[in-house]
Amino acid sequence: MDLDQLRNQWNNIDLPSEAAAASVREIERKVSTTKVTTLRDKLYRLTLNLVVISFLGIATLVPFAVESPEMVLAAGAFFVVMGLVNFYRALNIKHIDLSVMTVKDALESVYNVERQRMIARIVGITCAIPLVIFMIMTFAQSFGPWALYGSLVGVLLGGCIGLAINHRTTQLLREMKSQLNP
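The notes below deal with the structure included here. Predicted model only: the values in this text are computed from it and were never measured.

A closer look at the overall build of the protein chain
Next, step 1: Scanning the protein chain for helices and strands turns up 6 helices and 0 strands.
Next, step 2: In the protein chain, the succession of helices and strands from N to C terminus is α-α-α-α-α-α.
Next, step 3: Within the protein chain, buried positions represent 27% of all 182 residues.
Next, step 4: Within the protein chain, contacts between residues separated by at least 24 positions form 74% of all contacts whose residues are at least 6 apart in sequence.

Here is the structure:
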């Protein structure tokens, strides 16, 4: 192969189109400004939001301390336990470092997070059902029938929000597992 043939081959190499180059520059900009988030980061933020919600739940109980201190103590204990459980899960999610872990270790970590999530859901639902019934009864006795209706609407809205969070978490974990397990 002589020098002219080499030049011709070099000139015939397709350069990326301007649109493709712009797309690559956009991705490079996002990576350099750390605007790219990983699935782990999304799951971590979602779990931290659950921690914040748990501790904000305690603040919502303050107005009812005079009417029913027993309810406030029971609900407060529930929110503290669930906040700590979710905080522990968030720490475990934060410690997953896919850049240094083997695929086997990363999969084990994801399955461990999924198992912790299932345990937290079981504990949360098991404790929440009697607590919600106790709260509804307390509200109905203290504030009348309209409080009962409001409580039932709150239970429905809370259940819908919980299902949406559960769906999003399940999606993130499923996607993490599919990326690690070809």
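Let's pick the thread back up.
Regarding the nonpolar core
Next, step 1: Ranked by internal contacts, the top residues of the largest apolar core, which has 15 residues, are Leu-43 and Val-113.
Next, step 2: For this core, the elements supplying multiple residues, two or more each, are helix H3 (39-61), helix H4 (69-94), helix H5 (103-143) and helix H6 (145-180).
Next, step 3: In this structure Leu-43 touches Ile-93, Val-113, Thr-169, Leu-172, Leu-173 and Met-176, once residues within four positions along its chain are discounted.
Next, step 4: With 11 residues, the next largest nonpolar core counts Leu-61, Val-72, Ala-75 and Met-135 among its residues.

Focus on the packing of aromatic side chains
Next, step 1: Throughout the structure, instances matching the rule amount to 5 aromatic pairs.
Next, step 2: Look at Phe-139 and Phe-143: their rings are 6.2 Å apart centre to centre, the planes differ by 40°, and that puts the pair in the tilted class. Taken together, the residues Phe-139 and Phe-143, both in helix H5 and 4 residues apart, mark about one turn of the helix.
Next, step 3: Phe-143 sits in the partly exposed class, given a relative accessible area of 43%.
Next, step 4: Ring plane angle 80° and centroid distance 5.5 Å describe the contact between Trp-146 and Tyr-149, whose orientation is recorded as edge-to-face. Pair noted here: Trp-146 and Tyr-149 are both in helix H6, with a separation of 3 residues, about one helical turn.
Next, step 5: Accessibility expressed as a relative area gives 70% for Trp-146, which makes it exposed.
Next, step 6: The rings of Phe-64, Phe-139 and Phe-143 are connected pair by pair, giving a single aromatic cluster.

Considerations on a nonpolar patch on the surface
Next, step 1: Residues Ile-125, Ile-129, Ile-133 and Met-137 make up a contiguous nonpolar surface patch of roughly 390 Å² in combined accessible area.
Next, step 2: Its place among the elements puts Ile-125 in helix H5.

What counts and what doesn't
Residues numbered from 1 in each chain as written. Predicted model: local features only at pLDDT ≥ 70, side-chain atom pairs only at ≥ 80, totals over all residues. Heavy atoms only, no water. Helix = DSSP H or I, 4+ residues; strand = E, 2+ residues; numbered from the N terminus. Buried < 20%, exposed > 50% of the residue type's maximum accessible area, 1.4 Å probe, protein only. Contact = heavy atoms within 4.5 Å. Core = buried A, V, L, I, M, F, W, Y, C linked by side-chain atoms within 4.5 Å. Phe/Tyr/Trp six-rings, centres within 6.5 Å; stacked < 30°, edge-to-face > 60°. Patch = residues over 30% accessible without salt bridge, like charges linked within 9 Å, V, L, I, M, F, W, Y side chains within 5 Å. Areas by Shrake-Rupley, 256 points an atom, 1.4 Å probe, with all protein chains shown as cover. Salt bridge = Lys/Arg side-chain N within 4 Å of Asp/Glu carboxyl O.

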